[in-house]
Amino acid sequence: MDSHHDSNLSNSSQVGQPFTRLEDRRHLAGQGGFVADLRLPGIRDVAFLRSSMAHARLGPIAVPADAPAGAVWTAEAFHGLVKPIRAVLDRPAYRPSDQPVMAEGTVRHVGEIVAAVLADNRALAEDLAERLEPAYDPLPAITDPEQALLPESAPLHPGWADNVYMTMGRTTGDFDAMVARADVHVTRHLRMERVAAMPLETRGCVARFDRGSGVLTLWIATQRPHLIRTMLAEQLTGIEERDIRVIAPDVGGGFGGKSNLYPEEILLAAMAMRLPHPVRWIEDRWEHMVSASHSRQHVQTITAHATKEGELLAVDVRFLVDGGAYAMRTSTPAVEANMASSVLPGPYKFQAYRFEATTVATNKTPVGPFRGVGRPAAVFAMERIMEETAAAIGMDPVEFRLRNMIQPEEHPFTTISGLVYDSGDYPSLLTKAAQSIRAPGKGDAPANIAIGIGFGCYTEQTAHGAQEWHRRGSPFVYGFEAARVRIDPSGGVLVSTGIQSHGQGLETSLAQIAGDVLGVSYDRVRVVHGDTELCPYGMGTVASRSLVMAGGAVEGACQRLAAKIRRIAAHNLDCAADDVLLAGGEAQGPGGSIPLDAVARIAYLELQKLPLDVEPALDILYCYRPPVETGAYSSGVHAAKVAVDLDSGHVKILDFVVAEDCGRVINPLIVDGQIAGGVAQGIGQALLEEFQYDDQGQPTKVTLADYLVPGAPELVNVRIIHQETLSPFTVHGAKGLGEGGAIGPPAAVANAVSDALRQFGVDVRRVPIRPEDLWEALRP
Amino acid sequence: MTDIAITINGTAWEGTVEPRLSLADLIRGELTLTGTHLGCEHGVCGACNVEVDGVPMRSCLMPAAAADGCAITTIEGQYGEMAERLRAAFTTHHALQCGFCTSGMMATALDILRRGLGRDEATIRRELAGNICRCTGYQGIVAAILHVAQETTP
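Quick notes on the rules
Residues numbered from 1 in each chain as written. Chains lettered and ligands numbered in written order. Predicted model: local features only at pLDDT ≥ 70, side-chain atom pairs only at ≥ 80, totals over all residues. Helix = DSSP H or I, 4+ residues; strand = E, 2+ residues; numbered from the N terminus. Buried ≥ 20, exposed ≤ 12 C-beta atoms within 10 Å, placed from the backbone. Contact = placed C-beta atoms within 7 Å. Domains from an automatic or database assignment. Nonpolar A, V, L, I, M, F, W, Y, C, P; charged D, E, K, R; others polar. Arc of directions from axis to C-beta. Pairing = 2+ DSSP bridges. pLDDT = per-residue confidence, 0-100. UniProt positions renumbered as here; feature names shortened; annotations may be inferred. Axes fitted to C-alpha atoms, helices over the stretch in contact; angles between N-to-C directions. Core = buried A, V, L, I, M, F, W, Y, C linked by C-beta atoms within 7 Å. Parallel < 35°, antiparallel > 145°, perpendicular 65-115°, else oblique. Left-handed = near helix turned anticlockwise from the far one by under 90°.

Student: I'd like to hear about the overall build of chain B, residue by residue, with values.
Tutor: Assigned secondary structure in chain B consists of 5 helices and 5 strands. Listed by position from the N terminus, the elements making up chain B come as β-β-α-β-β-β-α-α-α-α. In terms of its C-alpha atoms, chain B occupies a principal-axis envelope of roughly 45 × 30 × 20 Å. Across the 154 residues that make up chain B, the buried fraction comes to 59%. The contacts of chain B with a sequence gap of at least 6 include a subset with a gap of at least 24, amounting to 63%.

Take a look at the structure:
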């Protein structure tokens, strides 16, 4: 008989199916449990007083005489209890800044915490916070990254000689020779403005200290409960990691913005440890706008050197990123420019590459990760210059790209920036996207409308292992993910994992993987995540890694559990373990079968039927570390068709096509949802979203009425074309795809608008593309 | 303080509220119906939409005192045939990811359907302008509303 269980993939029935999500029922019934929904007896609320100044010396804070004792907590109250946040990066060029948990002496951005106020409810806490009067002595504010580099801009941080967090550069290949060989040299100065993840649920934290057990429990809207716990143990005095429990309940979106360690979490923990009652802080939207991490804000100069026949020879790029006031833990603001410089080559090969990546400090909200990290900006720069170079040569932009793309048979391919691509067929993706978007549209455009088509091609490093994190200098080398799989005595399957699902549908996708291996329907599998006490250690959900890494862990744990089930069943069916198949909720042998619940009962409660050499219980912990740690590269081509109103400068998306390859699709419904959602955020970045500051460092967009995220009327149905090139480096051949949707749109939309306006000599240099900018550029 | 009497999900409730208490805070606080979410508290995102006398309203902007005499339905109380169809369609079309906007989105979607405006995509998108979803790109939400409209109209 065949060993039909070598791999579950050959007979898989659930992986690849568009099953509806197990998460939906609770949310559709209004029974989700977000951090603000938690009810604890005796809980009191914290409101923070935040700096109204971008840069100032902070003097004493006047507290009203009628403030109740113990209601106002200033920095002094936390002396000896908490340590400043220091985000380190093991790179010689990197300079860390200490981020105070609460400001003391100096404030460096609007929104920095100045005091905490405790009251019976939030309204009362806010009332008192409003009556505090901090003494500010204003200092000049740095509000622009280029300003930060000027010699007259005094260093913002003590001991710094200038305002540079990090600058690095490298030249690869014979750059000068390639420039000499090139016929055309095309340069653009570009800007990608400051945006934020902007999840619909703001941040929040509830902390309770149990005096009996000495256990501190925090419920935090976070993407990384285990890492936050590890970091809290480092930041707090008087408590060990063992005694800290972090629970990430239902989390209302994160997109990277909830992956940082935030001062509020440390403050709430320290307060709870000194109070006889739980404390809660639920962020309001203004606080979110000024104190949750921002992202992007690039100033870029890029030059392509190419032959007139269309061979791209060399690229020269300079990234300057406004990193904001402090280095957030763990990503640091340098993540944005550093990643942009390493991923810039994308799907293309060329002979020489020169880059400079610089991250500077300004008096603005700190920069952290947001879906795509570095890649939307790199792809914007690269694809804009590909478009303009094609135009300079007089070549079709699709032809020009195809001519310079890495071919599928060249994988594994090491890029000129040193990344190792595992697999992919980029020319095929581009061809499909181009055919789809260029199909004749309906109707003619009126005279005042210009139509354009543009592309954004990218590769997306996902699920990278220890080698890659170490190379980047990350203090945490994210090398593995764990899964614990238990089958209880009645046959129910419980999977617990260290990742966190906050919209990605991992409770469903991981159940499909477990269900296939164990031969049960996915809806019999419950996936538990987000609780450091209930779940094995894990890195959390960042960097498009959860499905691949946790999927590998669940697969491995279930395979080991399945082997044990087969041995128990074989013993009782009087056959060989290799002859037992797990399917339909049964262990099936050649001459009979045993239901899974009966096997489970044997393992726990009927040990007389358990072979002596089989350990009782069905409970396995397995850690997955990928055999190759350079990552599985998803790839995609985004194609946009836009209409530009020549009278108003308004841009309307007419059609949007995504041709993507994320390897094996575990759940097509969820994959399409991730793509459409990412594209919406990318279109927001292309057309609507940006923070702005005045020259005093005051943010001028602090509500959802000013900071515009896309609504339904601004978007179209994204048409998705799938291509499945399996990764040779991952368990299921799957590649991460959480971020890809947000990577391509700024480039694709900017190229489409440039295509529409080429006849008028206008091309896009900045995203978001504002109607007033186009209107100005189009004026005769 | 103001005395009010409301009907919440079909049940009468009487109580005393501070004039500044929002309807959302009453619903989520004293009434412990936490299926209504607060996304912005300034009337833009629509996450807090509930049905007040049959019309979706921003519960973050409406003072609880102003709801005196009103019948309020939150996600927990939406159990008519249309609501059940919509729930099924939301799941089938993957109209939610994190679930935070969902209850407000359901309130608006039901209103769109009841007004007979769920028959074409452009109208649905325009009607959804007051509800932000940061996860889905609205694709599944639009499809779910279309689906129910087609199911329920001959």
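Text resumes after the structure shown.
Student: Mind laying out the domain arrangement of chain A, listing which residues take part and the relevant values?
Tutor: All names here are of chain A. Entries for chain A in the domain assignment read domain 1 (35-139 + 202-251 + 258-291), domain 2 (294-467 + 628-778) and domain 3 (480-624). Put simply, the middle of domain 2 and the middle of domain 3, counted by C-alpha atoms, are 40 Å apart. Taken together, the elements giving at least two residues each to the side of domain 2 that touches domain 3 come down to β20 (449-462) and α16 (668-687). Of the residues that constitute the side of domain 2 that touches domain 3, the class distribution is 8 nonpolar, 7 polar and 3 charged.

Student: For the interface of chain A and chain B, give the residues involved together with the corresponding values.
Tutor: The interface is formed by 40 residues belonging to chain A together with 38 residues belonging to chain B. Among the elements of the structure, α1 (24-28) and α16 of chain A are those that each provide at least two residues to the side of chain A that touches chain B. Among the elements that line the side of chain A that touches chain B, the one with the most residues is α16(A), at 7 residues. Taken together, the residues that form the side of chain A that touches chain B break down as 18 nonpolar, 14 polar and 8 charged.

Student: Describe helix α2 (residues 122-131) of chain A, naming the residues involved and giving the relevant values.
Tutor: The α-helix advances 3.6 residues per turn, and as a result positions three or four apart in sequence lie on the same side. All names here are of chain A. Every buried residue belonging to α2 is among A125, L128 and A129, and all of these are buried. Seen from one end, α2 has its buried residues packed into an arc of 105 degrees, which puts them on one side. Summarising the contacts, the buried residues of α2 are in contact with β1 (44-50) and β7 (113-119).

Student: Outline the pairing of strand β29 (residues 651-661) of chain A, supporting the account with residue identities and numerical values.
Tutor: Residue and element names in this part refer to chain A. Among the 11 residues in β29, 8 count as buried, and that is most of the element. As paired strands, strand β28 (residues 632-645) and β29 are joined by 10 bridges and run antiparallel to one another. Of the residues in β29, the one forming a bridge with A640 is F656. In sequence, β28 turns back onto β29 through a hairpin of 5 residues, with G649 there showing a positive phi of about 80 degrees. As paired elements, β29 and strand β30 (residues 719-722) share 4 bridges and run parallel to each other. In the sheet register, V657 faces β30, and the bridge partner there is R719.

Student: If you had to explain the environment of A:D763 to someone new, which residues and values would you point to?
Tutor: Residues and elements named next belong to chain A. For D763, the location among the structural elements is in the loop between α18 (745-757) and β31 (766-767). Judged by the 18 C-beta atoms lying within 10 Å of it, D763 is partly exposed. For the pair D763 and A777, spaced 14 residues apart in sequence, the C-alpha separation works out to 9.1 Å. In contact with D763, other than residues within four places in its own chain, are E388, S754, L757 and R758.

Student: Tell me about the confidence of the model for chain B, residues and numbers included.
Tutor: The pLDDT averaged across chain B works out to 97; a share of 99% of its residues lies at or above 70. For this predicted complex, the interface confidence reaches an ipTM of 0.98, while the overall pTM sits at 0.97.

Student: Before we move on, can you summarise the UniProt feature "domain: Aldehyde oxidase/xanthine dehydrogenase a/b hammerhead" (unreviewed entry) in chain A with the specific residues and values?
Tutor: When the UniProt feature table is mapped to this numbering, "domain: Aldehyde oxidase/xanthine dehydrogenase a/b hammerhead" (unreviewed entry) covers residues 29-140 of chain A. Taken end to end, residues 29-140 of chain A has its terminal C-alpha atoms 52 Å apart, with 9% of it in helix and 31% in strand.

Student: Provide a residue-level description of unusual backbone geometry, including the pertinent values.
Tutor: Residue and element names in this part refer to chain A. Between R329 and T330 the backbone carries a cis peptide bond, its omega angle lying at 10 degrees. Looking at the secondary structure, you find T330 in the loop between β16 (312-322) and α8 (334-343). Residue P768 is bonded to the preceding V767 through a cis peptide linkage, with omega at 0 degrees. Mapped onto the secondary structure, P768 falls in the loop between β31 and α19 (771-778).

Student: Tell me about the sheet that holds β29(A), and please be specific about residues and values.
Tutor: Residues and elements named next belong to chain A. One open sheet accounts for 4 strands, arranged β20-β28-β29-β30; its pairing is mixed. Only two strands of the sheet have a single partner each, and these edge strands are β20 and β30. Strand-to-strand twist in this sheet, taken as the mean axis angle between neighbours without regard to direction, amounts to 15 degrees.

Student: Outline the domain arrangement of chain B, supporting the account with residue identities and numerical values.
Tutor: All names here are of chain B. Split by domain assignment, chain B resolves into domain 1 (2-77) and domain 2 (81-152). Using only C-alpha atoms to locate each centre, domain 1 and domain 2 end up separated by 21 Å. With 3 residues, strand β3 (residues 49-52) is the single largest residue contributor to the side of domain 1 that touches domain 2. When its residues are assigned to classes, the side of domain 1 that touches domain 2 shows 6 nonpolar, 6 polar and 1 charged.

Student: Account for the environment of A:A390, with residues named and values stated.
Tutor: All names here are of chain A. Structurally, A390 is set in helix α9 (residues 375-393). The class for A390 is buried, based on 23 C-beta atoms found within 10 Å. Distance in space between the C-alpha atoms of A390 and G80 is 61 Å, their sequence separation being 310 residues. Sequence-distant contacts of A390, that is, excluding residues within four places in its chain, are made with M395, D396, P397 and F400.

Student: Can you tell me about the sheet that holds strand β4 (residues 55-58) of chain B, naming the residues and giving the values?
Tutor: Residue and element names in this part refer to chain B. Strands sit in the order β2-β1-β5-β3-β4 across an open sheet of 5 strands; the sheet is mixed. Of all the strands in the sheet, just β2 (11-17) and β4 have a single pairing partner and so form its edges. Direction aside, the axes of adjacent strands within the sheet are offset by 40 degrees on average. Relative to the sheet, helix α3 (residues 102-114) contacts β3 and β4, its axis offset from that of β3 by approximately 45 degrees.

Student: Break down the nonpolar core for me, citing the residues and quoting the values.
Tutor: Judged by nonpolar contacts, the single largest core of 304 residues is most densely connected at A:V46, A:V117, A:L268, A:A514, A:V554 and A:V753. At 14 residues, the largest contribution of residues to this core is made by helix α14 (residues 546-573) of chain A.

Student: How would you explain the packing of α9(A) against α18(A) if you had to name every residue and give the values?
Tutor: Residues and elements named next belong to chain A. Interhelical geometry of α9 versus α18 gives an angle of 30 degrees and a closest axis separation of 8 Å. As summarised for this structure, α9 and α18 are arranged roughly parallel, according to the angle between their axes. By crossing handedness, the relation of α9 to α18 is classed as right-handed. The residues of α18 that touch α9, namely those facing P376, V379, F380, E383, R384 and E387, are P746, A747, A750, N751 and S754. Split into classes, the residues belonging to the contact of α9 with α18 amount to 6 nonpolar, 2 polar and 3 charged.

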